[in-house]
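# An overview of the molecular structure
In case you want the letters, here they are:
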Amino acid sequence: MYSKIWLSKPHFDNENFDIIKKTIVSNWVSTVGPNIASFETSIERILEHKAEVVALNSGTSAIHLALKLLEIEPGDEVLCQTFSFCATVNPILYCGATPVFIESEKETWNMCPFFLEEAIKDRLKKKRKPKAILVVDSYGMPAKWDEILAISQKYEIPVIEDAAAALGSRYKGQMCGSFGDFSILSFNGNKIITTSAGGALICREKHVKERAIYLATQSKIEGVVHGELGFNYRMSNVLAAIGLEQLTVLEKRVQQRRENHFRYQSLLEALDGFELQEEKNTDFYANFWLNCIRIDTSLISKSIILNAFSNYNIDVRSLWCPLHHQPYLKGTLYYGDHFSQRLYDTGLCLPSSSNLTSEEFHRIAQVFTTLLK
Ligand SMILES: *Cc1c(COP(=O)(O)O)cnc(C)c1O
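Residues numbered from 1 in each chain as written. Predicted model: local features only at pLDDT ≥ 70, side-chain atom pairs only at ≥ 80, totals over all residues. Heavy atoms only, no water.

## Quick look at the packing of aromatic side chains
By convention here, two paired aromatic rings are described through the distance between centres and the angle between planes. Definition in use: Two rings from Phe, Tyr or Trp (for Trp, the six-membered ring) form a pair when their centres are within 6.5 Å of each other. A pair whose planes differ by under 30 degrees is stacked, one over 60 is edge-to-face, and the rest are tilted. We count a stretch as a helix when DSSP gives it H or I for four or more residues in a row; a strand needs E for two or more, and each element gets its number in order from the N terminus.
One pass over the structure, following the stated rule, counts 16 aromatic pairs. Consider the rings of phenylalanine 83 and tyrosine 139, whose centres lie 6.0 Å apart with planes at 65°: the pair is edge-to-face. Pair noted here: phenylalanine 83 is in the loop between β2 (77-81) and α4 (86-94) and tyrosine 139 is in the loop between β4 (132-136) and α6 (145-155), with a separation of 56 residues, a long-range link. One aromatic cluster is present, formed by Phe83, Phe85, Trp109, Tyr139, Trp289 and Trp320 through successive ring pairs.

## Section: the sheet that holds β4
Short version of the rule: Two strands pair if DSSP finds at least two bridges between them. In what follows, residue pairs with any heavy atoms lying within 4.5 Å of each other are defined as contacts. Orientation is described by axes fitted as lines to C-alpha atoms, over the contacting stretch for helices, and by angles from 0 to 180 degrees between their N-to-C directions.
On the basis of which strands lie adjacent, the open sheet formed by eight strands has the order β1-β9-β8-β5-β4-β2-β3-β16 and mixed pairing. The sheet is open, and its two edges are formed by β1 (52-56) and β16 (334-335), each paired on a single side. In this structure, β4 lies alongside strand β5 (residues 159-162), joined through four bridges in parallel fashion. From the neighbouring strand, valine 136 faces β5, where its bridge partner is aspartate 162. Contacts from α6 reach β4 and β5, with the element oriented near 155° to β5.

## Some points on the site of the ligand
In plain terms, the rule: By convention in this text, a residue qualifies as near a molecule or strand provided that one of its non-hydrogen atoms is within 4 Å of it. Two N or O atoms form a polar contact when they lie within 3.5 Å of each other; inside protein one atom must be a possible hydrogen donor and the other a possible acceptor, and for residues adjacent in sequence the pair counts only when both atoms belong to side chains. Here the Shrake-Rupley method, with its probe set to 1.4 Å, supplies the accessible areas, and only the displayed protein chains count as covering residues. With a 1 Å grid laid over protein atoms only, a set of points is called a cavity when a 1.4 Å probe fits there but cannot get out and a pocket when it is open yet has protein on both sides within 12 Å along at least five of seven lines; lining residues have an atom within 4 Å of a point. For this analysis, a molecule is said to be in a pocket or cavity if more than half of its atoms are within 2 Å of the grid points defining it. Polar here means any residue outside two lists: the nonpolar Ala, Val, Leu, Ile, Met, Phe, Trp, Tyr, Cys and Pro, and the charged Asp, Glu, Lys and Arg; Gly therefore counts as polar.
Lining the immediate environment of the ligand, one finds 14 residues, of which Gly59, Thr60, Asp162, Ser186 and Lys191 sit closest. Take aspartate 162: an N or O atom from its side chain is 2.7 Å from a nitrogen atom of the ligand. Expressed as a share of its isolated accessible area of 380 Å², the protein-covered part of the ligand is 90%. Placement of the ligand is best described as lying within the largest pocket. When contributions to the shell around the ligand are tallied by element, the ones reaching two or more residues are α3 (59-69) and α4. Class assignment of the residues belonging to the shell around the ligand gives a composition of four nonpolar, eight polar and two charged.

## Quick look at α6
Note the following rule: Here the term buried applies to any residue with accessible area under 20% of the maximum for its type, exposed to any over 50%, and partly exposed to those in between, with areas from a 1.4 Å probe on protein chains only. What the arc describes is the spread of directions from the helix axis to the C-beta atoms.
All of the buried residues in α6 are Trp145, Ile148, Ile151, Ser152 and Tyr155. Viewed along the axis of α6, the buried residues span an arc of 135°, placing them on a single side of the element. Turned more than 90 degrees away from the buried face of α6 sit Gln153 and Lys154, all of them exposed. Those residues of α6 that are buried lie in contact with α5 (113-125), β4, β5 and β6 (170-171).

Written out as structure tokens, the structure is:
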């Protein structure tokens, strides 16, 4: 039996774990301790651009806090990229607000500026001004930030950037995670670097960061007195220690994932029927968290491919199912041309771990070549 090749697995190798031991021995294992602030400062340095970072227990809670800080209330509408993971939209529902889904464009597979503006105009006509725009850098590919931010400014609607998987990616030289009024990162085990589980909220002003920390620590004023409804969303000091070590290898991890991408490029160039998702021009620099392909389904079906990889114990997964087609979100408002449905029908994510070995890649390549026979 073949050993499993995972889509994206945690990667620890030469990191020094003394800091984790030291942290546990110090007994500061919960949500207070010096590693948390150091981890935040390190990310602020990496992001460069007016970043005020708040370390949290997940990317999902970071999106929820961003919506809370924007005072999203029950009944409000939030424009949300439909081509994404469920964690992008769920916090909108936690707030009792209504998602309005926006289709992706064909180059980055992220929010389409044209449909975004169409949607805003239509919502304004109906006297329903959206309260926020939630844009994703899907699979580590930066969105078309110039166009999206211009629309955000024109209509004065704030942007939340879901850069959960995009740490290390850049658009026109600027780091993903620094484009929104709020941005979020995830440090889940399958992401580019990991704290086991974890996330971060990025805001632009110190006083907003302070309020985010307050909300994330049960809105405690002092002792047992709490000023408002709060959350238990802070990152622990132990996980921040793991994060500090992982940050030292971030650039290496980005290069390793980009090398996977180049390996897939040379493999798939030689084969008919598969198109690899690429950076469209030099404005886009992706960390290639996951490598994605579209299949020519007139030559071969998606289910045959999924089956073949599964037979070799290789984790290959469909591209995102559009959120407006998820069973629990059916009937939600949507603006677009159904491109993401075509991505779902014809697209796959390939194993892209930064510790993918040549033997593993060889097995993946073999499945591709036998598929076409
Ligand atoms: C992983 C991910 C999230 C959620 O992050 P968690 O830390 O798992 O809560 C949100 N959005 C996208 C696009 C993701 O890939």
